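So the chains spell out like this:
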Amino acid sequence: MDLPQEEEEGQIQNKEEQQKDEEQQKDRLLETLVPPITRSEHIRDALLRFLDSSVVQYIGIAVLLMVIIDGAFYFFLLIGAQAMCNDPSRVDCQPRNFWYNAGIQVLNGLFTYMSLVSMPWRAAQFLHVAGWACPYRSNDIGCNIYGIPNDPDIWCYIPLKQRLGILIVLILNCVTQYLNQAARIVYPDYVSSNSQPGSTWTLVFFLSSMLCGAIGAGWMLYEMGKIRKEHPGKFGPGPIDSLKQVIADYRAKKANAVDDKEDPAGDDKELERGGDDDDKNDDSNNCRVRESLSRRSGSVHHHPDPTRAKSRRAVIGAGEGRASLRLFAL
């Protein structure tokens, strides 16, 4: 049976009061920081909040898709899988050489953008984990960049030595990418970048940047996998699991839409059969209470973190904790 209107309103009011109390407690954590938030931290947080905005997240996803597309284009030209020319060979002819150089230049530009966006967060995390931040904030397991415990992101639970090693590799990824971009500016065309000394500079820094990025990402995923096995269900899904869930939800929604279209009387039949499970009614009531609460509260309550955008939006569905994704400009 559905809950009476008064009882439902009472549940909503109780949850609103509980959320307000929790939010006040979280605000007090920031207000009672010792030492208080400094001007330099305010400036840093303003930059990090901008880089955490929905617009930057959407741009990050678009850049990632462009990397995949342009990377495939570059790879096919690299191995000569093209029909533009073949004189003197498919891997050395015009206009293939022109488009090959254009492809690698675009790819490097995209990698440079990702390095520029991710570097402030990587540097802030490095100073925090190394204990070199000024003022010092606790870097105990589970603490965020302000030393506030119980951060929701699994990144904050990776052991300090491993986290520090990952951050060093990722910062090297940024530095070598900046050098790689500089080399591509100095040797901008196909001839100069494929003859000495241009070929050496461009190839060394390109491979170094790619290798550091791959090692950092792989190492981080490995450490997170270990933690998820040790504490199943404690943390939200990772990027791959989130993507799988989005695809599964989309397929389920599409299948339901097809079923409803093919059998429009299905809902009427369900109503005729009636509800035979009280648990379903309870779930429906709870869901309705949560939806009503969300509409009425008009705000979202989160773990205190001044480096996050006010909306706390997670475009790819990673939830509240985004510390690990921000390391990769996502």
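Now for a quick tour of the structure. Since the structure is predicted, the reported quantities are computational estimates derived from the model, not experimental observations.

**Some details on the overall build of the protein**
No. 1: Helix and strand counts for the protein come out as 11 helices and 0 strands.
No. 2: The linear arrangement of helices and strands in the protein, starting from the amino end, is α-α-α-α-α-α-α-α-α-α-α.
No. 3: Across the 330 residues that make up the protein, the buried fraction comes to 37%.
No. 4: Put simply, 70% of the contacts in the protein that link residues at least 6 apart link residues at least 24 apart.
No. 5: Surface accessibility of the protein: about 19,500 Å² in total, with carbon and sulfur atoms responsible for 62%.

**Notes on helix α4 (residues 96-130)**
No. 1: With 35 residues, α4 extends 48 Å from end C-alpha to end C-alpha; this agrees with the ideal 51 Å at 1.5 Å per step.
No. 2: The largest bend in α4 amounts to roughly 40 degrees and is located at serine 118, with the proline proline 120 lying one to four residues further along.
No. 3: With its phi angle positive at about 80 degrees, glycine 131 sits one or two positions after the end of α4.

**With respect to the side chain of serine 115**
No. 1: Position of serine 115 relative to the elements: it lies in helix α4.
No. 2: By relative accessible area, which is 3% here, serine 115 ends up buried.
No. 3: Discounting residues that sit within four places of it in the chain, serine 115 has contacts with Asn173, Cys174, Gln177 and Tyr178.

**Quick notes on helix α2 (residues 39-51)**
No. 1: Taking 1.5 Å of rise per residue, 13 residues should cover 18 Å, and α2 covers 19 Å from first to last C-alpha, within 8% of that figure.
No. 2: Contacts made by the buried residues of α2 are with α3 (54-78), α4 and α11 (323-326).

The rules behind these values
- Throughout this description, residue numbers start from 1 for each chain and increase along the sequence as written.
- Selection of residues for local features in this predicted model requires a pLDDT of at least 70, selection of side-chain atom pairs for listing and counting requires 80 or more, and totals for whole chains, interfaces and linings are taken over all residues.
- Calculation of side-chain values draws on the structure's entire complement of heavy atoms; hydrogens and water are dropped beforehand.
- Secondary structure elements are taken from DSSP: a helix is a run of H or I of four residues or more, a strand is a run of E of two residues or more, and numbering for both begins at the N terminus.
- Exposure classes here rest on a 1.4 Å probe applied to the protein chains alone. A residue is buried below 20% of its type maximum, exposed above 50%, and partly exposed in between.
- By the convention used here, residues are in contact when the closest approach between their heavy atoms is within 4.5 Å.
- For accessible areas, the Shrake-Rupley method is used with a probe of radius 1.4 Å. Any residue's cover is judged against the shown protein chains and nothing else.
- Here a helix's expected span is defined as the number of its residues, less one, multiplied by 1.5 Å.
- One axis is fitted to the seven residues ending at the residue and one to the seven starting there. The bend at that residue is the angle between these axes.

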